[in-house]
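Spelled out, the chains give:
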Amino acid sequence: MKKDIILAGVGGQGILSIATIIGYAVVESGLYLKQAEVHGMSQRGGDVQSNLRFSDKPIHSDLIPNGEADIIISVEPMEALRYLPFLSEKGWVITNTKPFINIDDYPTEEELKAELDKLPNKIALNADEVAKEAGNVRAMNMVMLGATSPFLGLPVEKLEEGIKTVFGRKGQAVVDLNLKAFNIGRKFAEENK
Amino acid sequence: MEKLLLLGDEAFAQGALDAGLSGAFGYPGTPSTEIIEHIQKSDLAKERHIHCEWSANEKTSMEEGLGMSYAGKRTIVTMKHVGLNVAADPYMNSALTGANGGIIVAVGDDPSMHSSQNEQDSRFYAKFAMLPAMEPSDQQEAYDIPKYAFKLSEKYKLPVLFRIPTRLCHSRSGVTRTEVLPENELSLPKDPNQFMLLPAIARKRYQHLLEIQKDLEKESEESPFNKYIDGKNKSLGIISCGISYNYLMENYQESKCEYPILKISQYPIPRKLIEKMADECDEILVLEEGMPIVEEMLKGYLGRGLVVKGRLDGTLPRAGELNANLVAKALQLTFKDGKNIPEIVAPRPPALCVGCPHRDTYLAINEVLKPFGQGHVFGDIGCYTLGFQPPFNSINTCIDMGASITLAVGAATAGLFPAFGVIGDSTFGHSGMTGLADAVDKKSNVVIFILDNSTTAMTGMQDNVLLGKLEQVCMGIGVEKEHIRVITPLKNKHDENVKIIEEEMNYNGVSVIIPRRECIHLFAKKKAMKK
Ligand SMILES: Cc1ncc(C[n+]2csc(CCOP(=O)(O)OP(=O)(O)O)c2C)c(N)n1
Ligand code: SF4
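Computed from a predicted model, the values in this text were never measured in an experiment.

J.: Sorry if this is basic, but what is going on with the domain arrangement of chain B here?
T.: How big an interface is tends to be expressed through the accessible area that disappears when the partners come together. Residue and element names in this part refer to chain B. Along its sequence, chain B is organised into domain 1 (3–211), domain 2 (227–330) and domain 3 (357–525). Computed over C-alpha atoms only, the centres of domain 1 and domain 2 are separated by 27 Å. Listed by partner, the interface residues are 23 residues for domain 1 and 21 residues for domain 2. Considering only the surface of domain 1 that becomes buried against domain 2, R123, E135 and S137 emerge as the three largest contributors, covering 29% of it. R167 serves as the salt-bridge partner of E321, at 2.9 Å between the closest nitrogen and oxygen. Counting across the interface, domain 1 meets domain 2 through 16 residue pairs in polar contact (both at pLDDT 80 or more). Those elements that provide at least two residues to the side of domain 1 that touches domain 2 are α7 (123–129), β5 (133–134), α8 (139–156), β6 (160–165) and α9 (166–169). For the side of domain 1 that touches domain 2, the class distribution of residues is ten nonpolar, four polar and nine charged.

J.: When you look at the nonpolar core in this model, what are you seeing that I'm missing?
T.: Looking at soluble globular proteins, one finds that nonpolar side chains tend to be buried together. All names here are of chain B. Ranked by size, the top nonpolar core spans 100 residues in total, and within it I39, I76, Y91 and I239 carry the most contacts. Ranked by residues supplied to this core, first place goes to α8 with eight residues. L369, F378, C383 and L451 belong to the second largest nonpolar core, which has 53 residues in total.

J.: Looking at this model, I keep getting lost on the site of ligand 1. Mind explaining?
T.: Residues and elements named next belong to chain B. Ligand 1 sits among 26 residues. The nearest are E58, H358, D425, T427 and A457. Backbone polar atom of S426 to an oxygen atom of ligand 1: 3.0 Å apart, as the coordinates give it. Interatomic distance of 2.5 Å between a side-chain N/O atom of T427 and an oxygen atom of ligand 1. Look at ligand 1: alone it shows 590 Å² of surface, and the protein chains cover 97% of it. Tallying contributions element by element places helix α18 (residues 425–431) first for the shell around ligand 1, with four residues. Of the residues contributing to the shell around ligand 1, the split by class is ten nonpolar, 13 polar and three charged.

J.: Please clarify how the pairing of strand β9 (residues 236–241) of chain B should be interpreted in this entry.
T.: All names here are of chain B. Burial of β9 is extensive: six of the six residues sit out of reach of the surface. Of the two faces of β9, the one holding L236, I238 and S240 and the one holding G237, I239 and C241 are both buried throughout. Judged from the five bridges that link them, β9 and strand β12 (residues 283–287) form a sheet pairing that is parallel. The residue bridging L236 from the neighbouring strand is E283, located in β12. Where β9 meets strand β10 (residues 261–264), four bridges bridge the pair, whose relative direction is parallel. Pairing of I238 across the sheet is with I261, part of β10.

About the criteria used
- Every chain's residues receive numbers from 1 upward, in the order its sequence appears when written.
- Following the order in which they are written, the chains are lettered starting with A and the ligands numbered starting with 1.
- Local features in a predicted model are, by the rule used here, given only for residues with pLDDT of at least 70; side-chain atom pairs are given and counted only at 80 or more, and totals for whole chains, interfaces and linings are based on all residues.
- By convention in this description, side-chain values take in all heavy atoms of the structure and omit both hydrogens and water.
- Delimitation of the domains relies on an automatic or database domain assignment.
- What makes two residues a contact is simply this: any of their non-hydrogen atoms within 4.5 Å.
- Summed over both partners, the accessible area (1.4 Å probe) lost when two parts come together is defined as the buried area.
- Salt-bridge detection follows one rule: a side-chain nitrogen of Lys or Arg within 4 Å of a carboxyl oxygen of Asp or Glu.
- We call two N or O atoms a polar contact when they sit within 3.5 Å, provided that within protein one can donate a hydrogen and the other can accept it, with sequence-adjacent residues counted only if both atoms are side-chain atoms.
- Helix and strand definitions here come from DSSP, where helices need a minimum of 4 consecutive H or I residues and strands a minimum of 2 consecutive E residues; each element is numbered from the N-terminal end.
- In this classification, the charged set is Asp, Glu, Lys and Arg, the nonpolar set is Ala, Val, Leu, Ile, Met, Phe, Trp, Tyr, Cys and Pro, and all remaining amino acids, among them Gly, are polar.
- In this text, buried Ala, Val, Leu, Ile, Met, Phe, Trp, Tyr and Cys residues form a nonpolar core when linked through side-chain atoms within 4.5 Å.
- Remark: exposure states derive from per-residue accessible area (1.4 Å probe, protein chains only) relative to the maximum for the residue type, with buried under 20%, exposed over 50%, and partly exposed in between.
- Nearness here has a simple test: a residue counts as near a molecule or strand if at least one of its heavy atoms is within 4 Å of that partner.
- Areas reported here follow the Shrake-Rupley algorithm with a probe of radius 1.4 Å; residue values treat only the protein chains shown as occluding.
- Two strands are counted as paired when DSSP detects at least two bridges linking them.

See the structure below:
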């Protein structure tokens, strides 16, 4: 059992909480983990990514080699495409379709859709909208985690436990909101995979 | 044994704490910042009252660390690679004074320049100073090294350099914790002359340093962090330093590597193990993160001896960080190519946050300088360096911390008018004050902006030593009180700010303008903490 995952987004969108929760479930399942993050300069509205690898055997490289990623999780559609060189042939792209536009030469909606349509294995959903309906747009990243959960091969309870641990200190209401967002995302992926 | 999930930086910090650390000294800098931040959050550190406040810069950190070592306690000094340039004077001389309590100088190197001005390799400094150095290949070694390195440091009474690259600093993995050692007792150096580098003493100390080089080599040969792994196929031997060992192993998950491998994590390089490889293998491939330092040593200037492959002959790229694919290519192994990035994907460079005080400062400066055209603003390092980018295009230089003021002084001396320097509050505390003293002494016609956002924002909100003291310090340095102007960088103050900048520009002498408004993230953080 080995999974290589690339998490992608724009600085400030909260990809690291997704990584933390998967990391929690991985460690609780007794598996090996390596998770490389980007700190520093690129946090200010620039593109950010995190490489997350887990396996039942020791892991060597902190970085995922080309063409080896099983999953790209992106909280922003253009950022999903940036990491395609790392995706394996059978890999899945799980992406939020809501663009984050802070540059002038951002592609058009049609261009983006055309590229995403080319991907054979993908789950694409407007996670911002889903999160808003669930109660707060800030739970967007938990919608994305939920949508990824069927592909992770990790027990759902462990992921839910991770959500409780990460958001616990913000109170029960925040935990419930994030669990709700997670489950909606999960259901969407189950129905569309 | 307890298992922890830690970044490479945190693993080193935890390892140092568990090895009986008494104090950490450092100045923030990506990728090293999380070392001290981990200690600041640690319960063990609180319990033991371990010093872990930020210092003014890397030189002061290094000297403070050396002072703690002088007093017999174990200490670490942390910085990013370019910080070692700032600390180079005490670091180089510490090779002669040596240490008393164990001291590790931990330096975060940034190959590929993810967040830096260059990609210099700190191992050169260790070689230059003739001091031992260690570099971990993974998080567990980052945790294990401090205990070993403190002992080594105390055995030879020398500082040990710990070098760790960005990828390892910022990658998390499981680490097994070992026993927690007590701190050292306070004790003075046995030899009262040890730290007195007068020429007569320094010559003796240098002779001593030269004499123990062979012992340090022997330590490397016998180190548990260096190992020789046999392989059947002797057509090639692989020397793999630090993190490159992971990239090598990534390519041999299913099968064992057929070539002999020498894994190096401790320097000076282990001579006997290298001799063994040179004797039994036809060619040597050197994998090292950063610059080709081991490769160059083995190859020699004329390259007429051993056949050595690596970054110098194009087997690996000359610049930038390594990865598993580059190593596979060097070994002619097959690897997957992956798809291309679609053409529509646009670069998304970092930018000043919406609402950032620096934005309003730059808009005001731009308006004042409109009649003069480009080329009048000397920048520095921090979030505000992003003012180089559109839509601001406000600054023209970024070299090293503190260089804004001094470049402005130099250019003004050459006759450039106006000459503006733009420097952050933390950077001013790091190395701006001496430059400002020069400006005052030379009566330079410059306007220096000290951007006071109340924090060291670029590296993630650390305190800085001059917080709340900027005006006093500038006055103390000799800037005239009426030419120290505080402005509020806000849209609705724009016209007022432009006027003040114009006034100071037209004053023939040193003016300091302090645009003062909190970084919006600090503001948000404080608000959240109040709740
Ligand atoms: C010698 C050296 N040490 C550390 C750094 C890392 N570094 C870059 S900018 C910076 C501080 C920036 O703080 P400040 O000047 O207050 O500007 P701000 O980011 O808050 O706008 C640091 C520590 C560096 N580039 N060089
Ligand atoms: S982090 Fe703070 S100082 Fe840096 S760009 Fe954002 S608002 Fe400005």
